[in-house]
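Okay, here's what each chain looks like letter by letter:
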Amino acid sequence: MAAAIRRAQLSTENLQACQSEILHLQLSLKEMDMRYHVEKQRRRELHNTLVELKGNIRVHCRIRPLLPLDCELDDPILQNGSDSREVAHAVDEETILVRCDRPGHPLINKTYNFERVYGPAEPQTAVFADVCPLLTSLLDGYNVCIMAYGQTGSGKSYTMLGPELPSDAHSDLGLIPRAVEEFFRLISENPSGSPKVDVSILEIYNNDIFDLLAKDSSTVVSGVKRDVVTTQDGCTEVPLLTRGAITSVLEFMELFHQGLRLRAKNPTLVHADSSRSHLIVTVTLTTATSLASTDQQPGQTLPGKRTRASERWSSAHQASPPGSVPVDPVGSRKQVWSRLQLVDLAGSECAGMSGVTGLALRETSFINRSLAALADVLGALSEHRGHIPYRNSKLTHLLQDSIGGDAKLLVILCVSPGQKHVAETLQSLGFGTRARQVKRGQARKKSPHSQIREWCLGSA
Ligand code: ADP
Ligand code: MG
């Protein structure tokens, strides 16, 4: 009997010990969770500091795999399946080597450094992993712009949009759908400030801007021509641009595919379904901040710490065009916002290379002029010239706030590895090298306090 009581006592003691252990573990889990959140916040802040110290324009370079389109029909080496005509190589994660030794041509043996170099085998997920932290910056109050640059067929659209043929594989998705998916995930983590998201999709074709979400009177999406203007406070905007309100990545994809169906395309010899326009997708996040919170002292945290950057939100000032997707009306004095711009540029090859004539030659010449204007703007910025020629093309005028303003700008250089494209590859790498030299000062994150004050004054 005594032994049974003793055993019961021992069991109770064991149970109590277990309970106390569980309590202890629960407490340490809670503490770890708190520490994790503090560390996560610190990591985010450190990341932002690092990115700013590195300079605003970051350049990544992606070498796509060798494809049949890289082969010259009469090239016996390629026909034999050898890759000896591959001239662009990722030496390490930051270095690309272009080595080309052709009989009768001077030897090319050049290396270039960028913030990140992706080899042909690196998947879409690897490219997105490096872009992801930029999206975090977006929710911290920065504007972000990501653009793909390179000759036709070098993988810009693959990188930004995904493969041309619809693919069920999530792993094939390009940066644009991934970025929007991540954007909504981040918002769901911090839903304060009633976040609203809208999207606009436009293309610049032959130096004209087309609104790819605008609908005509019969509500058919028709790609209406728009203009770009500079507002009194020096910001660029496209009046009457359609902004579709979205609440999920699925809604985004619907509008995105709708817009893409209108994008101008024309076959060239380089790439059978080449995009001949610059595509610009803009996702704007607007959050409400009560006017009362503007009375907070600097340093105090506002709910939903997002801030507007340099752009004016045109829908706040004017009615949406007929047929546009309605955008939720806003009480202008309480809105703060940040903007994500995703740009798939048209091909940067020279006309002779593409073998185009007539109308297509005209397209190519507009493309080359706008890309030359982009290079001129970067050159003027890197030399700190007084006048930056943004207005020389619609592309640079439209992207003025992102290139020279306070956005974090990432240029993804896309290059073909084949010998056939070596001249265009060197041109793209030269462009990227110049872009890296641009130091625009730190990306600016305005405090919600000053920002709302400015907004009130600006819209008074
Ligand atoms: P661009 O937009 O620069 O003209 P695309 O993105 O259309 O070029 O790419 C040209 C071709 O190469 C397409 O068939 C595309 O699917 C393929 N491609 C490009 N990059 C890759 C890659 N990283 N992996 C596999 N295929 C690719
Ligand atoms: Mg393309």
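For the structure, see preceding data.
Everything in this summary refers to the structure shown in the same document. What you are looking at is a predicted structure, and each value in this text was computed from that prediction instead of being measured.

### Quick look at the packing of aromatic side chains
- According to the stated counting rule, one finds three aromatic pairs in the structure shown.
- With 5.2 Å between their ring centres and 20 degrees between their planes, Phe252 and Phe256 make a pair best called stacked. On the criterion of helical spacing, the pair formed by Phe252 and Phe256 is a turn pair, its members being four residues apart in helix H6 (residues 249-260). You'll find Phe252 and Phe256 in the same group, each marked buried.
- Taking NZ or CZ as reference, Arg369 lies 4.9 Å from the ring centre of Phe366, over its face.

### Quick notes on the nonpolar core
- Counting 49 residues, the largest nonpolar core has Ile96, Phe114, Met147, Val411, Leu413 and Leu429 as the members making the most contacts within it.
- Core analysis: the next-biggest nonpolar cluster, separate from the first, contains 42 residues, Cys132, Leu138, Leu213 and Ile246 among them.

### Concerning unusual backbone geometry
- Unlike most non-glycine residues, Asn207 shows phi in positive territory, near 65 degrees.
- Mapped onto the secondary structure, Asn207 falls in the loop between strand S7 (196-205) and strand S8 (208-211).
- Although it is not a glycine, His384 sits at a positive phi angle of roughly 55 degrees.
- When its relative accessible area of 59% is taken as the criterion, His384 is described as exposed.

### Here's the deal with the environment of Asp101
- Note on placement: Asp101 falls in the loop between strand S3 (95-100) and strand S4 (108-113).
- On the basis of relative accessible area, Asp101 is assigned to the exposed category, the value being 55%.
- Taking the C-alpha atoms as reference points, Asp101 and Gln419, 318 residues apart in sequence, are found 9.4 Å from one another.

### Digging into empty space enclosed by the protein
- Taken as a whole and judged by the stated rule, the model has three cavities of 30 Å³ or more.
- There is about 50 Å³ of room inside the second largest cavity.
- If you go around the second largest cavity, the residues you meet are Ile204, Tyr205, Asn206, Asn207, Arg276, Ser277, His278, Ala346, Glu363, Phe366, Ile367 and Ser370.
- Elements with a minimum of two residues in the lining of the second largest cavity: S7 and helix H8 (358-382).
- Its residues assigned to classes, the lining of the second largest cavity comprises five nonpolar, five polar and two charged.

Procedures and definitions
- Residues numbered from 1 in each chain as written.
- Chains lettered and ligands numbered in written order.
- Predicted model: local features only at pLDDT ≥ 70, side-chain atom pairs only at ≥ 80, totals over all residues.
- Heavy atoms only, no water.
- Phe/Tyr/Trp six-rings, centres within 6.5 Å; stacked < 30°, edge-to-face > 60°.
- Helix = DSSP H or I, 4+ residues; strand = E, 2+ residues; numbered from the N terminus.
- Buried < 20%, exposed > 50% of the residue type's maximum accessible area, 1.4 Å probe, protein only.
- Lys NZ or Arg CZ within 6 Å of the ring centre and 35° of its normal.
- Core = buried A, V, L, I, M, F, W, Y, C linked by side-chain atoms within 4.5 Å.
- 1 Å grid on protein atoms, 1.4 Å probe; cavity = no way out; pocket = protein on both sides within 12 Å on 5 of 7 lines; lining within 4 Å.
- Points joined across faces, edges and corners; volume = space filled by probe spheres on them.
- Nonpolar A, V, L, I, M, F, W, Y, C, P; charged D, E, K, R; others polar.

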